[in-house]
Amino acid sequence: MRAIWKGTTIAESDDIVEVEGNAYFPLDSLRPEHIKPSDTHTTCPWKGRASYYNLVVGEDVNADAAWYYPSPKDGAEAVTGRVAFWRGVEVRP
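Given the structure is predicted, the values throughout are model-derived calculations rather than measurements.

> What should I look at first to understand the overall build of the protein in this one?
In terms of helices and strands, the protein carries zero helices and nine strands. A globule of 93 residues ought to have a C-alpha radius of gyration of about 12 Å, and the protein, at 12 Å, matches this closely. For the C-alpha atoms alone, the extent of the protein along its principal axes is close to 40 × 30 × 20 Å. Out of the 93 residues in the protein, the part that is buried amounts to 47%. Put simply, 44% of the contacts in the protein that link residues at least 6 apart link residues at least 24 apart.

> What is the right way to look at the sheet that holds strand β1 (residues 2-5) in this model?
By way of backbone hydrogen bonds, the strands of a sheet pair with one another, either parallel or antiparallel. Strands sit in the order β2-β1-β9 across an open sheet of three strands; the sheet is antiparallel. Among the strands making up the open sheet, the edge pair consists of β2 (8-12) and β9 (90-92). Strand-to-strand twist of the sheet, defined as the mean angle between neighbouring strand axes without regard to direction, takes the value 30°. As judged from the three bridges shared by β1 and β9, these two strands associate in the antiparallel manner. Considered in β9, the bridge of Arg2 is made with Arg92.

> Teacher, can you tell me more about the pairing of strand β6 (residues 48-57) here?
In regular strands, side chains alternate between the two faces of the sheet. The buried count for β6 comes to nine of ten residues, which makes it a mostly enclosed element. As defined by bridge partners, strand β5 (residues 35-44) adjoins β6 across seven bridges and the pair is classed as antiparallel. If you follow Pro37 over to β6, its bridge partner there is Tyr53. Turn length for the β5-β6 hairpin, with the two strands adjacent in sequence and antiparallel, is three residues.

> Teacher, can you tell me more about the packing of aromatic side chains here?
Both the distance between ring centres and the angle between the ring planes are used here to describe each pair of aromatic rings. With the rule as written, the count across this model stands at four aromatic pairs. Geometrically, the ring pair formed by Phe25 and Phe85 is edge-to-face, given 5.6 Å between the ring centres and 75° between the ring planes. A residue pair is termed long-range when its members are at least 10 positions apart, and Phe25 in strand β4 (residues 22-26) and Phe85 in strand β8 (residues 82-85) qualify at 60 residues. In this structure, Phe25 and Phe85 share a single accessibility class: buried. Consider the rings of Tyr53 and Tyr68, whose centres lie 4.8 Å apart with planes at 20°: the pair is stacked. Here the residue Tyr53 occupies a position in strand β6, and Tyr68 occupies one in strand β7 (residues 60-68), the gap between them amounting to 15 residues. Members of the aromatic cluster, each reached through a chain of ring pairs, are Tyr24, Trp67 and Trp86.

> It is not clear to me how the side chain of Asn62 should be interpreted in this structure. Could you clarify?
With respect to the helices and strands, the residue Asn62 is situated in strand β7. Judged by its relative accessible area of 8%, Asn62 falls in the buried class.

Thresholds, definitions, all that
Residues numbered from 1 in each chain as written. Predicted model: local features only at pLDDT ≥ 70, side-chain atom pairs only at ≥ 80, totals over all residues. Heavy atoms only, no water. Helix = DSSP H or I, 4+ residues; strand = E, 2+ residues; numbered from the N terminus. Rg over C-alpha atoms; globule rule 2.2 N^0.38 Å. Buried < 20%, exposed > 50% of the residue type's maximum accessible area, 1.4 Å probe, protein only. Contact = heavy atoms within 4.5 Å. Pairing = 2+ DSSP bridges. Axes fitted to C-alpha atoms, helices over the stretch in contact; angles between N-to-C directions. Phe/Tyr/Trp six-rings, centres within 6.5 Å; stacked < 30°, edge-to-face > 60°.

Shown next, in the form of structure tokens:
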């Protein structure tokens, strides 16, 4: 699977975990040149506190378009060390 934004592959892996309809990629599958940390955090009632990345392609920035759970709650271990995408990021084979 590939995560693509602005025609650029942001992440690519065959090791995908699907949770709530979202494809979670291993963190090490991210292309670091397109990922910048964000200060945004949200809380999921069952997965815990989420952190975000901004995606960068050229001069374009997609704020908070990737999220991950640094320390997921019990029962959400499947997303440990993984990142998912939204906000216009296309996930496809």
